[in-house]
Amino acid sequence: MEIAIFDIKGKETSRKITLDDSVFGIDPSMHTVYLEIKQHLANKRQGTHKAKERAEIAGSTRKIKRQKGTGTARAGDIKNPLFKGGGRVFGPRPRNYSFKLNKAQKRVAKKSALSAKVKSNALKVVEELKFDEIKTKKFVEFLSNFGAENKKCLFVLGESNNFVYLSSRNLQNVKVVNYSELSSYDIINASEVYLFEHSVEKIENNLKK
């Protein structure tokens, strides 16, 4: 499939780029995308939550009242979960939420996410952006050329570029990643995806392995 290449002023150029149909033109498997996004979010969880259970509460183990004859329910020590300040029943414990996902599934997920963006006309290929200084104002101007100031945007670099990355870092709705850091979560989470020209071939090579 061929799509037009945009210049940094947001206008279509006369040049076109051929996207590999095996990467950008597959029938999206949204369940696989869901699995990768679930794994991505699960891996970010710290899992350090902890509540004290009955055995961990500081307090006397003395039986607080006699077993019978009080007219109320029988009770053990003050650490009983039914009492204020007692332990928590089945409280959260530290745990690892991460789970394994096959590399082949991850590739299918990224292909599916990219193909879905192409089908919805939410993916553009842009000429290389070259900054010789860190300037957020210049990046905002670049966004306004595409009418994307108020949209969630993902920009994919073909190679590391600190000037572009640092110029965009303070912008809330903008994320700039290297092609090797691309995830299904970032693709789906963005309203529009912008691939810089040199990143296209590298993404295709990565996902066709």
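Residues numbered from 1 in each chain as written. Predicted model: local features only at pLDDT ≥ 70, side-chain atom pairs only at ≥ 80, totals over all residues. Heavy atoms only, no water.

## Side note on the overall build of the protein chain
- For the protein chain, the count of helices and strands is 7 helices and 6 strands.
- Ordered by position from N to C terminus, the α and β elements of the protein chain give β-β-α-α-α-β-α-β-α-β-α-β-α.
- The C-alpha atoms of the protein chain give a radius of gyration of 27 Å, which is well past the 17 Å a tight globule of 209 residues would have.
- Considering only C-alpha atoms, the protein chain reaches an extent of 95 × 40 × 25 Å along its principal axes.
- Long-range contacts, defined here as pairs at least 24 residues apart, represent 69% of the contacts in the protein chain between residues at least 6 apart.
- When the accessible surface of the protein chain is totalled, it reaches about 13000 Å², and 48% of it is carbon and sulfur.
- Averaging the coordinates of the 41 positive side-chain charges in the protein chain and doing the same for the 23 negative ones gives two points 19 Å apart. (Helix = DSSP H or I, 4+ residues; strand = E, 2+ residues; numbered from the N terminus. Rg over C-alpha atoms; globule rule 2.2 N^0.38 Å. Contact = heavy atoms within 4.5 Å. Areas by Shrake-Rupley, 256 points an atom, 1.4 Å probe, with all protein chains shown as cover. Lys, Arg positive; Asp, Glu negative; His and termini not counted. Charge placed at Lys NZ, Arg CZ, Asp CG, Glu CD.)

## Looking at the environment of Leu207
- Note that Leu207 resides in helix α7 (residues 197-207).
- For Leu207 and Pro92, which are 115 residues apart along the polypeptide, the C-alpha to C-alpha distance reads 39 Å.
- Discounting residues that sit within four places of it in the chain, Leu207 has contacts with Val23, Arg107, Lys110, Lys111 and Leu114.

## Some words on the sheet that holds strand β2 (residues 12-18)
- Pairing in this open sheet of 6 strands is mixed, and the strands run β2-β1-β3-β6-β4-β5 from one edge to the other. Two strands in the sheet have a free side with no partner beyond their single neighbour: β2 and β5 (174-178). Geometrically, the sheet is characterised by an average inter-axis angle of 35° between neighbouring strands, direction not taken into account.
- Taken together, the 4 bridges between strand β3 (residues 123-126) and strand β6 (residues 192-196) define a ladder with parallel strand orientation. Note that in β6 the partner of Lys124 across the bridge is Tyr194. (Pairing = 2+ DSSP bridges. Axes fitted to C-alpha atoms, helices over the stretch in contact; angles between N-to-C directions.)

## Focus on the pattern of salt bridges
- Per the stated rule, a full pass over the model turns up 10 salt bridges.
- Here Asp20 and Lys208 are joined by a salt bridge, their closest N and O atoms 3.0 Å apart. One end of the pair, Asp20, is in the loop between β2 and α1 (21-24); the other, Lys208, is in the segment after α7, and 188 residues separate them in sequence.
- Lys110 is the partner of Glu36 in a salt bridge, and the nearest nitrogen-oxygen pair spans 3.3 Å. Here Glu36, found in helix α2 (residues 30-44), pairs with Lys110, found in helix α3 (residues 103-119); they are 74 residues apart in sequence, far enough to count as distant.
- What you see here is one network of salt bridges that share partners, running through Arg15, Glu127 and Glu197. (Salt bridge = Lys/Arg side-chain N within 4 Å of Asp/Glu carboxyl O.)

## With respect to the packing of aromatic side chains
- Scanning the model with the defined rule gives 10 aromatic pairs in all.
- Relative to Phe142, the ring of Phe139 lies with its centre 5.7 Å away and its plane at 70°, an arrangement referred to as edge-to-face. Here Phe142 and Phe139 lie together in helix α4 (residues 136-145), a separation of 3 residues that amounts to about one turn.
- A residue is classified by how much of its surface remains accessible, and Phe139, at 0% relative accessible area, is buried.
- Take Phe142: its relative accessible area is 3%, and that puts it in the buried class.
- A connected cluster of aromatic rings, assembled from ring pairs, spans Phe6, Phe131, Phe139, Phe142, Phe146, Phe155, Tyr194 and Phe196.
- Positioned above the aromatic ring of Phe99, the side-chain terminus of Lys38 is 5.9 Å from the ring centre. (Phe/Tyr/Trp six-rings, centres within 6.5 Å; stacked < 30°, edge-to-face > 60°. Buried < 20%, exposed > 50% of the residue type's maximum accessible area, 1.4 Å probe, protein only. Lys NZ or Arg CZ within 6 Å of the ring centre and 35° of its normal.)

## Quick notes on the nonpolar core
- Phe24, Leu114, Leu123, Leu154, Leu195 and Ile203 are the most contacted members of the largest nonpolar core, which totals 22 residues.
- Secondary structure elements with two or more residues in this core: β1 (2-6), α1, α3, β3, β4 (153-157), β6 and α7.
- When sequence neighbours within four positions are dropped, the list of residues in contact with Ile203 reads Phe24, Leu114, Val156, Tyr179, Leu182 and Leu195.
- Formed by 18 residues, the second largest nonpolar core is a distinct cluster that contains Val126, Phe155, Leu157 and Tyr194. (Core = buried A, V, L, I, M, F, W, Y, C linked by side-chain atoms within 4.5 Å.)

## A look at the side chain of Ser168
- Considering the arrangement of structural elements, one finds Ser168 in helix α5 (residues 162-168).
- Non-local contacts of Ser168, meaning those with residues more than four positions away in its chain, are made with Phe139, Val174 and Val176.

Just distances and angles here, no functional claims.
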